[in-house]
Structure formats: structure tokens, C-alpha cells
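So the chains spell out like this:
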Amino acid sequence: MKVALGGVSPAQVAWTRLVLGTLTLGLFVLARRERLPRRLRVWGHMLVLAVTFCVIPFLLFSWAQQHVTSGLASIYNATTPIMTAIMAWAVFRVEKLKPVQIAGILVGIAGVMVIIAPWQGLDLAQSLIAQLAILGATACYGFSLAYMRRFASDTGMSALVFSFLNIGLAAVIMVLLTPLIALTPVTLDVWIVLSLVLLGCLGTGVAYIWNQNVLRAWGPTRASTVTYITPVVGVVLGVVLLGEHLSWNEPVGAAVVFLGILLAQDRLHLRART
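Residues numbered from 1 in each chain as written. Predicted model: local features only at pLDDT ≥ 70, side-chain atom pairs only at ≥ 80, totals over all residues. Heavy atoms only, no water.

S.K.: For this particular structure, what's the right way to read the layout of surface pockets?
M.R.: The gaps of empty space that remain are located by a probe, the size of a water molecule, rolled over the atoms. Of the pockets and cavities examined, the largest pocket occupies roughly 1700 Å³. Around the largest pocket sit 40 residues that line it, and M1, N77, L199, G203 and T230 are the ones nearest its centre. Those elements that provide at least two residues to the lining of the largest pocket are helix 2 (40-64), helix 3 (70-77), helix 6 (128-151), helix 9 (190-218), helix 10 (220-224) and helix 11 (229-242). For the lining of the largest pocket, the element with the highest residue contribution is helix 9, accounting for 13 residues. Split by residue class, the lining of the largest pocket holds 25 nonpolar, 13 polar and two charged. (1 Å grid on protein atoms, 1.4 Å probe; cavity = no way out; pocket = protein on both sides within 12 Å on 5 of 7 lines; lining within 4 Å. Points joined across faces, edges and corners; volume = space filled by probe spheres on them. Helix = DSSP H or I, 4+ residues; strand = E, 2+ residues; numbered from the N terminus. Nonpolar A, V, L, I, M, F, W, Y, C, P; charged D, E, K, R; others polar.)

Take a look at the structure:
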């Protein structure tokens, strides 16, 4: 997203990733000869998810990254499990969290804080509104993941069809909004085009199939903990591609983050001694 914003507007980034993601998923649907659902109720729920899981957060993230670094955006993205846990437990009542899962979320937050290193001083020069916009986007993700579990878990659709319908409806909305948000000048080079293609075909296409499979296997709260990896990836890409400096706290924080993921997934099977 950060590279693409060097030549296109935030709305065009969201527009392109959704259209390319739809085309990619559509090819898979055609290859496997999958069928779309016929019930209007299912289409209604998918329309809600298209808005809350795609259109709104994609626009918020793209706009915010004009004013914050990609690393900071990736760190804020790790708040998704917290938003999901709140929505799944307190709003939709679809999950009960075990103490070990709550501990895993807290450990994950601690790992993110180690990466941020607040003792070194926070950069308050970056737009507060942009940071709040990213938190709004992760709140949308949390709402959507819990909504899926509550209202869209019995649709009978495969992960592929579910993803295609989700991204496809969002793409239709963006195409309809094209005259209002996407008709602005563009400046393209090979890196901008490549970034948009990768973001659309992989990040919004293939990755959403994987996301649906994980969501169905783990549930919304545990599935959302994979976003704890995002700050780690952001740090690595910042060093490799942008020449950013790697501090000791970043790999240490990454290790703490992975521990939080294992706990939140209840993979360590901790038991109290009797």
C-alpha cells in the first residue's frame, strides 16, 4: 500500500485491490465450478461483510498510510485480535475465552509494545487522526470476524465461494462509487503496478481463502491472532526494502508475539499443578 500510494490515491488503492482480488478469486471459482448461494438471506449477510470487512477498512488503511509509516500501520493492525475478542465475547456472544487465551492476547500485546519501544519515546508528529482511522479499520475487522461466526457460519459455502462473494460484492460497491472516489490522475511505474497486483491478487485474493479456512478451524478470536505477525513482517520489510535500522527490541518483541499466538490458540496446553 505504501509503495502504491506513491502514484495513486488511497481510494484507487482500495478500488484496485478489490477488483484484482475479485478477478483472481473468480478464476478459482470457474476452475472448480463452484456454485453461488441462492438464498437472499446469505446475500444480505455477505453485503454487510463486504462493507465492514472490505470497503470501509480498506479505505481507512489506504488513507491513513499517507500520514503514518507502514511499520506503524502494521503495528496497529495487531490490535485486530483485541477488537475481535471484544466483539465475539461482548457483542455477538459467539465465544467464551479461556484464561489461557486471554493471557495469550495480553502476551501478544506485550510483544507489540516491546517492538514499539515506548521507553525510547513515541513519534507524536504522525497524524493522530490517521492512527485513529487505522484503529477504526481494525474495529471493522473485529466486528466482521465475529459477525461471520454469528450469522454466516452455516451458509454451506466453501471458503473459496465465501471469499469470492465477500470481495466481489465489495468490488461492485467500489466500481459503482468510481465517479465519486476513483477518477483522479495516476502516476505509474513498475513498482507501483507490481505493488497493486500483489496486493490485489495475493493479499486480497488468495490470502482471503486461507483466512476463511483458518477462521473456520479456529474461530474468530484465535484466527485473528495471526495479525500479531504483521508487526514482525513490517519490521523485516522496513529493514530489507527501506533500509530502516533494526533495534534489539524488535526481534525480542517478535519472539514474545509468537508466544502470545501459541497461548491464544491454546497450543501449549498449560495445566495447573494439583
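S.K.: Can you help me understand the nonpolar core in this one?
M.R.: General note: in soluble globular proteins, nonpolar side chains tend to be found buried as a group. Membership of the largest hydrophobic core comes to 48 residues, with the highest contact counts inside it found for L18, M46 and C54. Elements that contribute at least two residues to this core include exactly helix 1 (10-32), helix 2, helix 3, helix 4 (80-91), helix 6, helix 7 (159-176) and helix 9. Broken down by element, the residue count for this core peaks at twelve residues, all from helix 7. When neighbours within four sequence positions are excluded, L18 is seen to be in contact with C54, F58, I167, A170, A171, M174 and T204. Residues I105, I115, V232 and V235 belong to the second largest nonpolar core, which totals twelve residues. (Core = buried A, V, L, I, M, F, W, Y, C linked by side-chain atoms within 4.5 Å. Buried < 20%, exposed > 50% of the residue type's maximum accessible area, 1.4 Å probe, protein only. Contact = heavy atoms within 4.5 Å.)

S.K.: I tried to follow the packing of helix 1 against helix 9 on my own but got confused; where do I start?
M.R.: Any two packed helices are characterised by how steeply their axes cross, that is the angle between the axes, and by the distance between the axes. Following both chains from N to C, one finds helix 1 and helix 9 inclined at 50°, their axes separated by 7 Å at the closest point. Judged on the interaxial angle alone, helix 9 and helix 1 are oblique. As helix 1 packs across helix 9, the resulting crossing turns out to be right-handed. Counted together, V13, T16, R17, L18, L20, G21, T24, L25 and F28 of helix 1 and L196, V197, L199, G200, C201, G203, T204, G205, V206 and I209 of helix 9 form the full contact between these two elements. (Axes fitted to C-alpha atoms, helices over the stretch in contact; angles between N-to-C directions. Parallel < 35°, antiparallel > 145°, perpendicular 65-115°, else oblique. Left-handed = near helix turned anticlockwise from the far one by under 90°.)

S.K.: How do you make sense of a nonpolar patch on the surface when you look at a structure like this?
M.R.: A cluster of nonpolar residues, V226, I229, V233, V236, L237, V239, V240, L241, L242 and F258, forms a patch on the protein surface that exposes about 860 Å² of accessible area. Here I229 shows up in helix 11. (Patch = residues over 30% accessible without salt bridge, like charges linked within 9 Å, V, L, I, M, F, W, Y side chains within 5 Å. Areas by Shrake-Rupley, 256 points an atom, 1.4 Å probe, with all protein chains shown as cover. Salt bridge = Lys/Arg side-chain N within 4 Å of Asp/Glu carboxyl O.)

S.K.: Teacher, can you tell me more about the environment of Y76 here?
M.R.: Here Y76 is to be found in helix 3. The spatial distance from the C-alpha of Y76 to the C-alpha of L135 is 6.7 Å, given a sequence separation of 59 residues. The contacts of Y76, once residues within four sequence positions are left out, are Q131, I134, L135 and T138.

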